[in-house]
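Letter by letter, the chains look like this.
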Amino acid sequence: MAKVGKSHKDRITARLNGPMKQAIEEAAGIVGASVNQFVAQAAFEKAEEIIVKSRTIMFSEDEAQKLLEIISNPAKPNASLLDAVKARRDLLGRR
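Quick look at the structure, then.

The rules behind these values
Residues numbered from 1 in each chain as written. Predicted model: local features only at pLDDT ≥ 70, side-chain atom pairs only at ≥ 80, totals over all residues. Heavy atoms only, no water. Helix = DSSP H or I, 4+ residues; strand = E, 2+ residues; numbered from the N terminus. Rg over C-alpha atoms; globule rule 2.2 N^0.38 Å. Buried < 20%, exposed > 50% of the residue type's maximum accessible area, 1.4 Å probe, protein only. Patch = residues over 30% accessible without salt bridge, like charges linked within 9 Å, V, L, I, M, F, W, Y side chains within 5 Å. Areas by Shrake-Rupley, 256 points an atom, 1.4 Å probe, with all protein chains shown as cover. Salt bridge = Lys/Arg side-chain N within 4 Å of Asp/Glu carboxyl O. Expected span 1.5 Å × (residues − 1). Polar contact = N/O pair within 3.5 Å; in protein donor to acceptor, adjacent residues only side chain to side chain.

## Some details on the overall build of the protein
Looking only at helices and strands, the protein features 4 helices and 0 strands. Counted from the first residue to the last, the protein has its helices and strands arranged as α-α-α-α. A compact globule built from 95 residues should have a C-alpha radius of gyration of about 12 Å, whereas the protein, at 26 Å, is more than 25% larger. Seen along its three principal axes, the alpha-carbon backbone of the protein occupies a region of about 70 × 40 × 25 Å. When each of the 95 residues of the protein is scored for burial, the buried share is 2%.

## Let's talk about a nonpolar patch on the surface
Residues I57, F59, L67 and I71 make up a contiguous nonpolar surface patch of about 410 Å² in total accessible area. The exposure class assigned to F59 is partly exposed, which follows from its relative accessible area of 44%.

## Section: the environment of L82
The topology assignment puts L82 in helix α4 (residues 79–92). On the basis of relative accessible area, L82 is assigned to the partly exposed category, the value being 48%. Spatially, the C-alpha atom of L82 lies 56 Å from that of R11, the residues being 71 residues apart in sequence.

## Considerations on helix α3 (residues 61–72)
The terminal C-alpha atoms of α3, which comprises 12 residues, lie 16 Å apart, in line with the 16 Å expected from a rise of 1.5 Å per residue. Counting buried positions along α3 yields 0 of 12 residues, so the element is predominantly exposed.

## Some remarks on the pattern of salt bridges
Here the idea is simple: oppositely charged side chains can pair when their charged atoms come close. Within the structure shown, the criterion is met by 4 salt bridges. Residues joined by salt bridges that share partners form a network here, namely K46, E49 and K53.

## Here's the deal with helix α1 (residues 18–31)
Between its first and last C-alpha atoms α1 spans 20 Å; for 14 residues at 1.5 Å apiece the expected length is 20 Å, and the two agree. One side-chain oxygen of the residue at the start of α1 lies 2.9 Å from the amide nitrogen of M20, identifying that residue as N17. A positive backbone phi angle near 75° is found at G32, which sits one or two residues after α1.

## Description of the environment of S80
With respect to the helices, strands and loops of the structure, S80 is situated in helix α4. Once the C-alpha coordinates of S80 and S60 are considered, the two residues, 20 residues apart in sequence, prove to be 32 Å apart.

So, in structure tokens, the structure goes:
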């Protein structure tokens, strides 16, 4: 966790049922961490995993090949696209 100024740590509370609490306490004991340390680290790792997955696009090998082909050999602009570009330039007063 990043520290700014004073040594301040934010707090999160959670309500757990009996089996959840017991499992967390047992796992924390196994790795030699306090329950607080274990929960904070596990939550942080899961948060990072979710963030990375949300920012990652996965392609099959075929999809990746198709994407590379499209990027390497883009289609030529059609009349509608050229008209739209001209209209935008005219609207903005640029050539």
